[in-house]
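Tertiary structure, described
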Amino acid sequence: MKHILISLALINGVTAYAQNTVQVKSSGIQKTKKVRVIAKEEKCSATCKDYADWHTTTDTILVDTLKGAKTDTTELKIGNTRVIIIGEPKIERIERIEEEDIAGRKQEEENAKKAKVAYDFFDIDFGFLGMMPMADGGLSANDRIIKSQLELDRAKSTYVGIHIVNVTIPVIKNYMQLSTGVGLEYNNYRFTKNISFVPERDSLAIINDTIDFQKNKLLTRYLIAPLMLQFQTNPRQPKRSFKLAVGAEFGYLLGAKTKQISKERGKETYKDDFNAAPLHIALVGRIGYGNIGVFAKYYPDPETATIFKDKSPTPIAFGITTRF
């Protein structure tokens, strides 16, 4: 028994890996198991007191090592690990074997192949808003005024998308998926100039105010429904998969409001649609790893892309996302 304890202390330094089927003959009972051989150590000295007497065989496959063995063997099992000690009282060889969870691995593979509709809740997009530049050619005098007035403070103009529910439908196993859902979109436009939007007008009305605003913003809120085609490299482990998604997002205006803060007027808030586009369609792209990535959103249709129904700069949004 003393030799057994000394031998077990030497197992921790082993680094070889291999796979095969081992036939174990102990007490007249023969077993066949699928195993991963972690270590194979051979040619132990008579006493096994000298560590240098051990020879570690790496990158080898253990094949039927105990078949026909005439020496005594002792087998210990801890969890999925078996330690076989061959030779008593003179130890000839020690083998440490880890049994694979074959049933669990097969079940995981089967789950990956099955076409399942998956649901996800409350994913977030967070980023910043910008404006696509407008060419001056063909713009009316009023359009040029609007263009000059709607200058964004890009560091403070933020975008938030809350995807309340996402539905993912496999197309090609789980490597390609179709995803949709419903959510809310908040566009927080902060302006550098002291402008004010006039409510309850049939067309966009902006005035240059004489007040120096400490805060001057327009907030639009949309109900959104995306339709995306998504690809992933490792459907068995989505949290360890590279992902790419492209598609469109449809928005319906729920409301808008302005908020201004100044020393002269204090805090003022007005609710109106301010001629914001009632519907919009955006092209969306996402790329990431696991459940985190980046996104970009662009509004290509000039009739629905602008902030307002009147001709105005086209917004864009970009940032980080958890929607995968």
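Residues numbered from 1 in each chain as written. Predicted model: local features only at pLDDT ≥ 70, side-chain atom pairs only at ≥ 80, totals over all residues. Heavy atoms only, no water.

In terms of burial, strand S9 (residues 176-190) is a largely internal element, eleven of the 15 residues being buried. Hairpin connection, strand S8 (residues 158-172) to S9: the antiparallel pair is bridged by three residues, and Lys173 has positive phi, about 50°. In this structure, S9 lies alongside strand S12 (residues 215-232), joined through 13 bridges in antiparallel fashion. Within S12, the position partnered with Leu178 by the bridge is Leu229. (Buried < 20%, exposed > 50% of the residue type's maximum accessible area, 1.4 Å probe, protein only. Helix = DSSP H or I, 4+ residues; strand = E, 2+ residues; numbered from the N terminus. Pairing = 2+ DSSP bridges.)

Pairing between S12 and strand S13 (residues 242-262): 18 bridges, direction antiparallel. Looking at S13, one finds that Tyr222 is bridged to Leu253. Two strands pair when backbone bridges link them, and S13 and strand S15 (residues 279-289) are joined in this way by eleven bridges, in the antiparallel orientation. Note that in S15 the partner of Phe242 across the bridge is Tyr289. Between S13 and strand S14 (residues 266-271), which pair antiparallel one after the other, the connecting turn spans three residues.

Let us now look at the confidence of the model for the protein. This prediction gives the protein a mean pLDDT of 75; 63% of its residues lie at or above 70. Low pLDDT (under 50) marks residues 1-69, which in the prediction has 136 contacts with non-local residues, meaning those over four places away or in another chain. (pLDDT = per-residue confidence, 0-100. Contact = heavy atoms within 4.5 Å.)

On the surface, a cluster of positive charge is contributed by Arg221, Lys257, Lys267 and Lys271. Looking at where Lys257 falls in the secondary structure, it is placed in strand S13. (Patch = residues over 30% accessible without salt bridge, like charges linked within 9 Å, V, L, I, M, F, W, Y side chains within 5 Å. Areas by Shrake-Rupley, 256 points an atom, 1.4 Å probe, with all protein chains shown as cover. Salt bridge = Lys/Arg side-chain N within 4 Å of Asp/Glu carboxyl O. Lys, Arg positive; Asp, Glu negative; His and termini not counted. Charge placed at Lys NZ, Arg CZ, Asp CG, Glu CD.)

Below, the discussion takes up the nonpolar core. In this structure, Leu150, Tyr189, Phe191, Phe197, Leu218 and Phe308 are the most contacted members of the largest nonpolar core, which totals 19 residues. Discounting chain neighbours no more than four positions away, the residues touching Leu218 are Asn187, Asn188, Tyr189, Phe191, Phe197, Ala256, Lys257, Thr258, Phe274, Ile307 and Phe308. Counting five residues, the second largest nonpolar core, distinct from the first, contains Tyr222, Ile224, Leu253 and Ala277. (Core = buried A, V, L, I, M, F, W, Y, C linked by side-chain atoms within 4.5 Å.)

This part takes up helix H3 (residues 141-149). Considered for burial, the residues of H3 that qualify are Asp143, Ile146 and Gln149. What you see down the axis of H3 is that its buried residues fit within an arc of 130°, all on one side. In this structure, the buried residues of H3 make contact with strand S10 (195-197) and strand S11 (206-208). (Arc of directions from axis to C-beta.)

So, on to the pattern of salt bridges. Throughout the structure, instances matching the rule amount to six salt bridges. In this structure, Asp125 and Arg286 form a salt bridge, with 3.0 Å as the shortest nitrogen-oxygen distance. Residue Asp125 is located in strand S7 (residues 118-132), and its partner Arg286 is located in strand S15; the two are separated by 161 residues in the primary sequence. Residue classification places Arg286 among the buried positions, given a relative accessible area of 2%. One salt bridge connects Glu249 with Lys297, and the closest N-O pair in it is separated by 2.2 Å. With a gap of 48 residues between them, Glu249 in strand S13 and Lys297 in strand S16 (residues 292-298) connect regions that are remote in the sequence. Lys297 shares its class with Glu249; the two are buried. Taken together, the shared-partner salt bridges connect Asp125, Glu185, Glu249, Arg286 and Lys297 into one network.

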